[in-house]
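Each chain, letter by letter, is given below.
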Amino acid sequence: MRRTSATLVAGALVAALAWASGPSTPAVALDPAAGVADLTQDLNQILSDPRLTIARAGVVVKSARTGEELYATDAGKLLIPASNTKLFTSAAAAETLGLDHRFSTTVLNTGRKAGSVLTGDLVLRGTGDPTMLAEDYDALAKRVAGAGVKLVTGRLVADDTWFDSRRLGNDWAWDDETAYYAAPISALTASPDRDYDAGSVIVSVAAEGGKVKVSTTPETDYLKIVNRATAGAETDVLIERQHGTRTVVITGTVADPYQEWVAVDDPTAYVSSLFRKSLARHGVKVLGPTVTGATPSGARELAAHESMTLGELLVPFMKLSNNIHAEILTKAMGRKVSNQGTWSAGLKVSTDFAEANGVEVINMRDGSGLSRRDGFSPGSIVQLLSAVRTKPWYSTWYESLPIAGNADRFTGGTLRSRMRGTPAQDNVHAKTGSLTGVTSLSGYVNSADGEPLIFSIMLNQYLSASPKDIEDKIAVRLAQFSRTAAAGEATGLRATDAGPAGDLECSWLKPVQC
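Residues numbered from 1 in each chain as written. Predicted model: local features only at pLDDT ≥ 70, side-chain atom pairs only at ≥ 80, totals over all residues. Heavy atoms only, no water.

**Q** Explain the side chain of Thr-220 to me, please; I cannot follow it from the model alone.
**A** Of note, Thr-220 is situated in the loop between strand E10 (211-217) and strand E11 (224-227). Look at Thr-220 and you get buried, because its relative accessible area is 17%. (Helix = DSSP H or I, 4+ residues; strand = E, 2+ residues; numbered from the N terminus. Buried < 20%, exposed > 50% of the residue type's maximum accessible area, 1.4 Å probe, protein only.)

Below, the structure written as structure tokens:
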């Protein structure tokens with residue numbers, strides 16, 4: 001989940017991941033018990049990889065049809081799940097909020113309107129919509145102007161009180177504070193793109209006329225840009241917001257266009273600046289300052305915007321492993337269940353949901369898995385994946401999981417370059433998870449006989465090259481599993497254009513978009 005250094009990413013981009021897996025003996029008829037024994041032998045062999053000698057590995061495979069446990073090693077051990085945490089958050093959100101849930105953003109006014117003058121405050125109130133774009137705030141401003149308001153004598157009030165004021169999650173590392181995948185959480189936020197990376201701005205650089213030109217998406221002067229980069233023969237540039245500030249410093253050389261997603265320091269203040277500029281652009285002048293606070297009772301609605309449904313949001317959330325969506329949904333659940341838009345209230349909803357569905361080993365510290373104190377067992381993940389199959393929202397949720405080898409970004413997601421050309425392609429629906437030294441893959445696969453299987457693979461504390469290929473070997477072997485025949489020779493698990501390997505969710509590498 002966290003990005004490594006540019007050197008490691010560059011190395012991952014050029015590294016070749018090539019190997020052979022599975023027994024090479026031809027398929028032979030076996031009795032059902034021998035088929036399971038054959039699977040056990042193969043998985044044990046895969047997990048004997050020397051990279052796991054000093055690591056921790058937990059794997060569970062279960063038949064969804066019979067409930068039989070086909071394979072288990074360290075099924076009950078507490079391991080770091082990384083983004084597999086999102087399985088619990090998304091399922092709890094679907095159950096608690098409902099697939100039809102929408103986030104609303106409204107503009108209200110206090111006082112009274114006389115002609116084109118609004119005597120009182122203008123209030124912008126959010127409920128956490130991570131899909132709000134600059135153009136959506138502009139549309140709200142246009143509607144205010146369309147209501148005949150030209151002058152506001154009071155203040156612009158930003159109401160983000162739907163959530164609490166705590167911006168960063170439990171145990172998040174300080175050096176992630178400026179990264180878009182760890183952006184601050186607020187009930188008023190904005191995304192720069194339709195991946196809906198809420199709380200961030202895209203900063204772009206390009207060499208023009210021997211100089212480096214800088215632009216932002218959306219256009220904003222909220223960030224202070226310090227451009228120290230120079231035009232050069234190659235692009236080797238660092239775009240980074242300084243810790244605890246709004247200052248983005250750009251250094252290095254630029255030959256080809258390059259862009260970086262940068263978290264803002266305060267989403268509420270950032271959104272307020274976008275909205276105030278939009279008001280001015282549409283001819284609405286606000287005399288008072290911008291402040292934060294709750295909407296006064298009796299305020300009247302001037303304009304409103306509603307998000308896509310949660311059922312639709314699950315696609316960018318789960319396919320691209322969006323941390324901010326997970327944390328916003330966590331606080332939204334807390335707000336609905338206990339009227340508290342806090343991490344503690346929302347995490348209780350998620351853990352209560354998990355426990356009600358038979359999950360025993362679980363320690364949730366955030367909704368996304370960015371915390372290294374999150375802990376699950378592979379057995380607990382398989383139990384959750386088993387239980388949700390009976391839920392009315394299951395089919396929508398299942399389709400939101402990344403699909404192995406499917407090149408379409410919003411279908412294959414973080415698995416789109418993995419397991420291509422194997423029986424797992426377009427078969428495995430699973431959630432990936434990555435932190436430095438942590439990788440996980442949990443989900444569903446149909447066997448060679450069409451038997452639905454549920455699996456969880458959790459690998460922790462490895463030090464050498466990423467063992468994601470071990471996950472792929474296991475998933476492919478499960479797709480080949482037959483109760484009455486041995487597996488034939490396995491094909492390669494990755495296409496030659498698989499993109500970056502290593503400890504990263506590929507969708508997190510925004511500049512290369514693997």
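Once you've had a look at it, read on.
**Q** Which parts of the structure should I look at to understand the pattern of salt bridges?
**A** It is possible for side chains of opposite charge to pair when their charged atoms get near one another. Per the counting criterion, the structure on display carries 23 salt bridges. Here Glu-177 ties to Arg-241 by a salt bridge, and the two come within 3.2 Å at their closest N and O atoms. Taken together, the residues span a long stretch of sequence, with Glu-177 in the loop between strand E8 (156-159) and strand E9 (200-208) and Arg-241 in strand E13 (residues 236-241) at a distance of 64 residues. For Asp-472, the salt bridge identified is with Arg-418, shortest N-O distance 2.8 Å. Separated by 54 residues along the polypeptide, Asp-472 in helix H12 (residues 468-480) and Arg-418 in the loop between helix H11 (409-412) and strand E21 (429-435) bring together distant segments of the chain. By sharing partners, the salt bridges in this structure join Asp-38, Asp-42 and Arg-477 into a single network. (Salt bridge = Lys/Arg side-chain N within 4 Å of Asp/Glu carboxyl O.)

**Q** Looking at this model, I keep getting lost on the sheet that holds strand E3 (residues 104-109). Mind explaining?
**A** In a beta sheet, neighbouring strands are held together by backbone hydrogen bonds and run either parallel or antiparallel to one another. One open sheet holds the 5 strands; their spatial order is E17-E8-E6-E3-E18, and the pairing between them is mixed. Strands at the two margins of the open sheet, each flanked by one partner only, are strand E17 (290-292) and strand E18 (300-306). Direction aside, neighbouring strands of the sheet carry axes that sit 20 degrees apart on average. As defined by bridge partners, E8 adjoins E17 across 3 bridges and the pair is classed as parallel. Within E17, the residue paired with Val-157 across the bridge is Val-291. (Pairing = 2+ DSSP bridges. Axes fitted to C-alpha atoms, helices over the stretch in contact; angles between N-to-C directions.)

**Q** I tried to follow the pairing of strand E6 (residues 122-126) on my own but got confused; where do I start?
**A** Two faces belong to every sheet, and in a regular strand the side chains alternate between them. In terms of burial, E6 is a largely internal element, 4 of the 5 residues being buried. Strand direction decides the pairing type here: E3 and E6, joined by 5 bridges, are antiparallel. Looking at the pairing, Leu-108 lines up with Val-123 of E6. With 4 bridges connecting them, E6 and E8 associate as parallel partners.

**Q** Teacher, can you tell me more about the pairing of strand E2 (residues 69-73) here?
**A** Two strands pair when backbone bridges link them, and strand E1 (residues 56-63) and E2 are joined in this way by 4 bridges, in the antiparallel orientation. Its bridge partner being in E2, Val-60 is matched across the sheet by Ala-72. Linkage of E1 to E2, two consecutive antiparallel strands, is achieved through a turn of 5 residues, within which Gly-67 is found at a positive phi near 80 degrees.

**Q** Which parts of the structure should I look at to understand unusual backbone geometry?
**A** A negative phi angle is the norm for most residues apart from glycine, just as the trans form is the norm for most peptide bonds. Cis geometry is adopted by the peptide bond preceding Pro-218, which originates at Thr-217 and carries an omega value of -5 degrees. Secondary-structure assignment places Pro-218 in the loop between E10 and E11. Unlike most non-glycine residues, Asp-171 shows phi in positive territory, near 70 degrees. By secondary structure assignment, the location of Asp-171 is in the loop between E8 and E9.

**Q** For this particular structure, what's the right way to read helix H8 (residues 343-356)?
**A** Three- or four-residue spacings in an α-helix give side chains the same orientation, since the helix completes a turn every 3.6 residues. Its 14 residues give H8 an end-to-end C-alpha distance of 20 Å, which sits within 8% of 20 Å, the value for a rise of 1.5 Å per residue. Along H8, the residues that are buried comprise Trp-343, Ala-345, Gly-346, Leu-347, Val-349, Ser-350, Thr-351, Phe-353 and Ala-354. Buried residues belonging to H8 abut helix H3 (85-96), helix H7 (323-338), strand E19 (362-363) and helix H9 (378-387). Note on H8: the residue one or two positions beyond its end, Gly-358, has a positive phi of about 85 degrees. (Expected span 1.5 Å × (residues − 1). Contact = heavy atoms within 4.5 Å.)

**Q** How do you make sense of the packing of H3 against H8 when you look at a structure like this?
**A** A pair of packed helices can be characterised by two numbers: the angle between their axes and the separation between those axes. At a minimum axis separation of 9 Å, H3 and H8 run at an interaxial angle of 90 degrees. The angle between the axes of H3 and H8 places the two elements in the roughly perpendicular class. When H3 is examined against H8, the residues Phe-88, Thr-89, Ala-91, Ala-92, Glu-95 and Thr-96 are found in contact with a partner set consisting of Val-349, Ser-350, Phe-353 and Ala-354. The class makeup of the residues in the contact of H3 with H8 is 6 nonpolar, 3 polar and 1 charged. (Parallel < 35°, antiparallel > 145°, perpendicular 65-115°, else oblique. Nonpolar A, V, L, I, M, F, W, Y, C, P; charged D, E, K, R; others polar.)

**Q** Would you mind going over the environment of Ala-263 with me for this structure?
**A** Looking at the secondary structure, you find Ala-263 in strand E15 (residues 258-263). For the pair Ala-263 and Arg-241, spaced 22 residues apart in the sequence, the C-alpha separation amounts to 7.8 Å. Leaving out residues up to four positions away in the same chain, Ala-263 has contacts with Glu-177, Thr-178, Ala-179, Tyr-180, Ala-183, Pro-184, Gly-199, Ser-200 and Arg-241.

**Q** What is the right way to read the nonpolar core from this model?
**A** Within soluble globular proteins, side chains that are nonpolar tend to cluster in buried spots. Counting residues in hydrophobic clusters, the biggest one holds 62 residues, and the most contacted among them are Leu-87, Phe-88, Val-388, Trp-393, Trp-397 and Tyr-444. Leave out the neighbours within four places in its chain, and Trp-393 touches Ala-91, Ala-94, Glu-95, Leu-99, Phe-353 and Val-388. If you look at the next biggest cluster of nonpolar residues, it comprises 38 residues, including Ala-141, Val-144, Leu-274 and Val-286. (Core = buried A, V, L, I, M, F, W, Y, C linked by side-chain atoms within 4.5 Å.)

Purely geometric stuff here, so don't read any function into it on its own.
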